[in-house]
Amino acid sequence: MALLNDNYLKLKAGYLFPEIGRRVKVFCEANPEAAKRLIRCGIGDVTEALPPAVIAALHKAVDEMADRATFKGYGPEQGYDWLRAAIAQNDYRAHGLDVADDEIFVSDGSKCDCGSILDILGGKNKIAISDPVYPVYVDTNVMAGHTGEANEAGAYAKLAYLPCRPSNGFVPEPPKRHVDVIYLCSPNNPTGAVATRAQLEAWVKYALEHKAVILFDAAYEAYISDAAIPHSIYEIPGARECAIEFRSCSKNGGFTGVRCAFTVVPKTLLAQTKTGEFKPLHPLWSRRMTTKFNGVSYITQRGAEALYSPGGKAQVRALIEHYMGNAAVLRKGAKKAGLKVFGGENAPYIWVRTPKGVTSWEAFDKILGDANVVITPGSGFGSKGEGYFRISSFNSRANAEEVARRLQELKW
Ligand SMILES: *Cc1c(COP(=O)(O)O)cnc(C)c1O
């Protein structure tokens, strides 16, 4: 008899986005006229076309694949050398950060990387996760058997939840107790908060003291406008000894449908064996990638490389400015509507306090029913997200302006 992985049965059956989809469908079927003016600011997916530099590079790569002389089969599992070099040079060394080409591992997405990284970490680690949080960090730990069952509020036994509130600027502080693995996401999805240099320094200090590993998700680093906010965990001295960084082309280059990302594993990052010896994680990740992954397509990697060309960089800047222009419009609209607003200044997400006594899902239903706008209820990201909702800036400017207007018309 084949046994299944019982851990999957602990998962709170993909609750958030299916439930949003269900409620939107019911509403649209019952209100076909209102359905025509529906604006979606729920899911965190980009809306604008790929940068022209990327399109040109993709076309050129397709043509190479069409000719036997330039055709490419399997590439290196860790990514082509020219892409690893472009990343290490442009994202790190150009900013004075010490990252070698072969510390970059190219993949088909940060979502997969955030989950796959657990392959190279032990099963007995104490895992710290922010609340609210990107659900991938939680669910992949549930699948790997690192948690107990979930309680009524959806919190899993054995995970260390780090509350994010207005009082800490929605950036968790290092806990008093010991943890071994810490997920940090800055700029943050869902709260739009960013960790300051001092906050990241406190985390690196904690990680070094506790011999812990920080998993730093910088998927939204391109959205940082404040010059004082670090773009990389490696801007903090000591981070090369305690942190892995995840980055993605999804939110800067609009690659959500193309698929390219990378993970940085410094060779100086060690973790402990069962017998207490310290060994580098880099060869383990390399082994994991070469065994379980066969590389990102040549065409896609050429597209990603184009993001680092002068034209590509300028076009990415324009995309970010477009979305952050939306964020400013939405922030202003929500504020004028009398709502308490967070985020949206160094991140494409606005985190909004619901009016007093209104739950996240009640706010969702109200905004859907009266404004015909889809947002994301904060409680779907964790128990501390209750009493908030997230508005995404990934939209056209006209839609962002319309949403801002409709928010002000709402009578709570
Ligand atoms: C969108 C997003 C990513 C990127 O995921 P990809 O798989 O690279 O598209 C990573 N982390 C967070 C928190 C995100 O919101």
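Residues numbered from 1 in each chain as written. Predicted model: local features only at pLDDT ≥ 70, side-chain atom pairs only at ≥ 80, totals over all residues. Heavy atoms only, no water.

S.K.: Got a minute to help me understand the sheet that holds strand β7 (residues 243-248) in this structure?
M.R.: Across a sheet, paired strands are connected by hydrogen bonds in the backbone, their directions being either parallel or antiparallel. With mixed pairing, seven strands are arranged side by side in an open sheet as β2-β8-β7-β6-β5-β3-β4. Taken across any chain shown, the strands that pair with only one partner, and hence form the sheet edges, are β2 (104-107) and β4 (160-163). The average angle at which neighbouring strand axes cross in this sheet is 20°, direction not considered. With respect to the sheet, helix α4 (residues 81-92) is in contact with β2, β7 and β8 (261-264), its orientation differing from that of β2 by roughly 115°. (Pairing = 2+ DSSP bridges. Helix = DSSP H or I, 4+ residues; strand = E, 2+ residues; numbered from the N terminus. Axes fitted to C-alpha atoms, helices over the stretch in contact; angles between N-to-C directions. Contact = heavy atoms within 4.5 Å.)

S.K.: Would you mind showing me how to read the pairing of strand β6 (residues 213-217) here?
M.R.: Residues in a regular strand point their side chains to alternate faces of the sheet. In terms of burial, β6 is largely enclosed, as five of its five residues are buried. Judged by which residues are buried, β6 turns out to be covered on both faces: Val213, Leu215 and Asp217 on one side and Ile214 and Phe216 on the other are all buried. Pairing analysis gives five bridges linking strand β5 (residues 181-185) to β6, with the strands arranged parallel. The residue of β6 that forms the bridge with leucine 184 is phenylalanine 216. Taken together, β5, helix α7 (residues 197-210) and β6 form a β-α-β motif whose crossover is right-handed. Bridge count between β6 and β7: four bridges; the pairing is parallel. Within β7, the residue paired with phenylalanine 216 across the bridge is glutamate 245. (Buried < 20%, exposed > 50% of the residue type's maximum accessible area, 1.4 Å probe, protein only. Right-handed = clockwise from strand over helix to strand, strands pointing away.)

S.K.: Looking at this model, I keep getting lost on the site of the ligand. Mind explaining?
M.R.: Within the structure, the ligand sits among 14 residues, and Asp217, Tyr220, Ser248, Ser250 and Lys251 are positioned closest to it. With respect to the ligand, the backbone of serine 110 contributes an N or O atom lying 2.7 Å from an oxygen atom. Side-chain polar atom of serine 248 to an oxygen atom of the ligand: 2.7 Å apart, as the coordinates give it. Calculation on the ligand without its partners gives an accessible area of 390 Å², and the protein chains cover 94% of this total. (Near = heavy atom within 4 Å. Polar contact = N/O pair within 3.5 Å; in protein donor to acceptor, adjacent residues only side chain to side chain. Areas by Shrake-Rupley, 256 points an atom, 1.4 Å probe, with all protein chains shown as cover.)

S.K.: I would appreciate a short explanation of the packing of aromatic side chains in the present structure.
M.R.: Working definition: an aromatic ring pair is given by the centre-to-centre distance plus the angle between the planes. Enumeration according to the criterion identifies 19 aromatic pairs in this entry. With 5.3 Å between their ring centres and 75° between their planes, tyrosine 134 and tyrosine 137 make a pair best called edge-to-face. The exposure class of tyrosine 137 is buried, given its relative accessible area of 2%. A ring pair is formed by tryptophan 361 and phenylalanine 364, whose centres lie 5.2 Å apart and whose planes are at 70°; its orientation type is edge-to-face. Taken together, the residues tryptophan 361 and phenylalanine 364, both in helix α11 (residues 360-371) and three residues apart, mark about one turn of the helix. Residue classification places phenylalanine 364 among the buried positions, given a relative accessible area of 0%. Through pairs of rings, three or more aromatic residues link up here, namely Phe170, Phe342, Trp351, Phe381 and Tyr388. Here arginine 390 stacks its cationic end above the ring of tyrosine 349, 4.3 Å away from the centre of that ring. (Phe/Tyr/Trp six-rings, centres within 6.5 Å; stacked < 30°, edge-to-face > 60°. Lys NZ or Arg CZ within 6 Å of the ring centre and 35° of its normal.)

S.K.: I'm lost on the domain arrangement of the chain in this one. Help?
M.R.: Where the parts come together, the accessible area they lose is often given as the size of the interface. Assigned domains of the chain: these are domain 1 (12-49 + 312-409) and domain 2 (54-308). Of note, the centres of domain 1 and domain 2, computed from C-alpha atoms alone, are 26 Å apart. Each partner contributes to the roughly 2600 Å² buried at the junction of domain 1 and domain 2, and carbon and sulfur atoms together form 59% of this total. Interface area lost by domain 1 to domain 2 is led by Asn346, Phe381 and Lys384, which between them contribute 25%. Taken together, domain 1 and domain 2 are joined by 13 residue pairs in polar contact (both at pLDDT 80 or more). Breaking the side of domain 1 that touches domain 2 down by element, the ones donating at least two residues are α10 (310-336), β11 (341-343), β12 (349-353) and β15 (388-392). If you tally residues by element for the side of domain 1 that touches domain 2, the top one is α10, at eight residues. Its residues assigned to classes, the side of domain 1 that touches domain 2 comprises 14 nonpolar, eight polar and seven charged. (Domains from an automatic or database assignment. Buried area = accessible area lost by both parts, 1.4 Å probe. Nonpolar A, V, L, I, M, F, W, Y, C, P; charged D, E, K, R; others polar.)

S.K.: How do you make sense of the environment of leucine 159 when you look at a structure like this?
M.R.: Examined against the element boundaries, leucine 159 turns out to sit in the loop between α6 (135-143) and β4. Distance from leucine 159 to valine 138, taken between C-alpha atoms, is 8.5 Å for residues 21 residues apart in sequence. When residues no more than four places from it in sequence are discounted, the contact partners of leucine 159 are Ile127, Ile129, Val138, Asn141 and Thr147.

S.K.: Sorry if this is basic, but what is going on with the environment of alanine 371 here?
M.R.: By the secondary structure assignment, alanine 371 is in helix α11. Residues alanine 371 and glutamate 402, 31 residues apart in the sequence, show an inter-C-alpha distance of 9.8 Å. Contacts of alanine 371, omitting those with residues within four sequence positions, involve Arg37, Lys366, Arg406 and Leu410.

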